[in-house]
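Letter by letter, the chains look like this.
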Amino acid sequence: MAEKVVVYITRGLEILVFDHLEAEPDVPMPQVPRGTLEPGEDPLAAAVREAREETGLELRHPVLLGSARRPHVFRGQAYDGLFHYAWLAAPAATPDAWSHVVSHGELDQGFTYHHRFVPLEGLALPWDLDLFLPELRARLVRERVVCYVTRGRRELLVFGHDDPGLEPGWQVVAGGVEPDEDPAEAAVREAWEESGLRLQGPVYLGTREYRPALEHARARRVERQHFFWLEAPPHAPDAWDHRVLNGEEDSGRVYRHRFMPIEDLELAEELGELLPRLKEKL
């Protein structure tokens, strides 16, 4: 049984695809780099090699997304193969498009591939080459919610902490969106887990994306933050301590919550980016 590798090369939220004029008329386009493993070759080493041979890019730190056994037909002949799907991140300075002459390969050596980065969202590839695109999308984007909890029209819930994983400064309730969870549901859940408040009716304020510096291949994920406004009841206390109920990093930590005047309040990191929008609604 032949072993092959399919290579997803990303730049931010874009993926590298190519067309080539030498393809037979019935070969669908676009394609992504792929090829056969050499005898005794590791799938991840093969991904790095195929990326170099088919694109000219020297990339490192491949990630195996998964493997699948599937039949396929090539030039009228049926094959049964084990396909490994690997992911490589390209630096931000990688060009938008270029042409490359394939440097190795039994069938495509000497062919010219015309590469370009396209948005990953909505992309479909032929021949089951897109089989692990959902896994790739999940790894590329970290979905989070930021919760502005108010009491009345002039106070915002903030907390202090001794969590070394958080930036200094006032924080608000925030956390990750679980698989298949709606962001609005995540906002309600995070408010309960991090503050102990049972709140409903979150109001969507907007979404912001924060892209990491991609100067090196290890910087991969984009953080997508969904901002919500939730209203606490008037009888909510002025201040209290709460032990976080859940969370990968903060479960069991104690957050010191208090309501503070929203005017001129400065929050840590990007948490305050949509405070002006909240003030407009208040």
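Counting starts from 1 at the beginning of each chain's written sequence and moves along it residue by residue. Side-chain atom pairs in this predicted model are given and counted only at pLDDT of 80 or more, local residue features only at pLDDT of at least 70, and totals for whole chains, interfaces and linings cover all residues. Water and hydrogen atoms play no part in the side-chain values, which are based on all heavy atoms of the structure.

### Some thoughts on the overall build of the protein
Stage number 1. Only DSSP runs of H or I reaching four residues or more are called helices, and only runs of E reaching two or more are called strands; each is numbered from the N terminus. If you tally the helices and strands in the protein, you get four helices and 14 strands.
Stage number 2. Relative accessible area decides the class of each residue, using a 1.4 Å probe on protein chains only: under 20% of the type maximum gives buried, over 50% gives exposed, and in between gives partly exposed. Going through the 282 residues of the protein one by one, you find that 48% of them count as buried.
Stage number 3. If you take every contact in the protein between residues at least 6 apart in sequence, the share linking residues at least 24 apart comes to 66%.
Stage number 4. Note on areas: Shrake-Rupley with a 1.4 Å probe; residue coverage comes only from the protein chains shown. In the structure as shown, the protein presents an accessible area of about 14,400 Å², 50% of it carried by carbon and sulfur atoms. In this analysis, two residues are considered to be in contact whenever any of their non-hydrogen atoms come within 4.5 Å of each other.

### Brief notes about the environment of Glu53
Stage number 1. Positionally, Glu53 belongs in helix α1 (residues 43-55).
Stage number 2. Residue Glu53 is classed as buried on the basis of its relative accessible area, which comes to 8%.
Stage number 3. Each residue touching Glu53, except ones within four places of it in the same chain, is listed here: His100, Val101, Val102, Ser103 and His104.

### What to know about the packing of aromatic side chains
Stage number 1. Classification of ring pairs rests on two measures: the distance between centres of Phe, Tyr or Trp rings, Trp counted by its six-membered ring, which must be within 6.5 Å, and the angle between planes, read as stacked under 30 degrees, edge-to-face over 60 and tilted in between. Under the definition given, this model contains eight aromatic pairs.
Stage number 2. Taken together, a centroid distance of 6.2 Å and an interplanar angle of 40° make the contact between Tyr8 and Tyr85 tilted. With Tyr8 in strand β1 (residues 2-11) and Tyr85 in strand β5 (residues 77-89), this pair connects stretches of sequence that are 77 residues apart. By the burial criterion, Tyr8 is buried, and Tyr85 matches it.
Stage number 3. Relative to Phe132, the ring of Tyr85 lies with its centre 4.8 Å away and its plane at 35°, an arrangement referred to as tilted. Of this pair, Tyr85 sits in strand β5 while Phe132 sits in the loop between β7 (112-119) and α2 (133-140), and the two are 47 residues apart along the sequence.

### Remarks on unusual backbone geometry
Stage number 1. The peptide bond linking Met29 to Pro30 adopts the cis configuration, its omega dihedral lying at 0°.
Stage number 2. By secondary structure assignment, the location of Pro30 is in the loop between β2 (14-19) and β3 (34-36).
Stage number 3. With phi around 60°, His61 is a residue other than glycine that occupies positive phi space.
Stage number 4. The residue His61 is located in the loop between α1 and β4 (63-74) in this model.
Stage number 5. Judged by its relative accessible area of 33%, His61 is partly exposed.
Stage number 6. Look at Asp180: it is not a glycine, yet its phi comes out positive at around 65°.
Stage number 7. With relative accessibility at 85%, the residue Asp180 sits in the exposed group.

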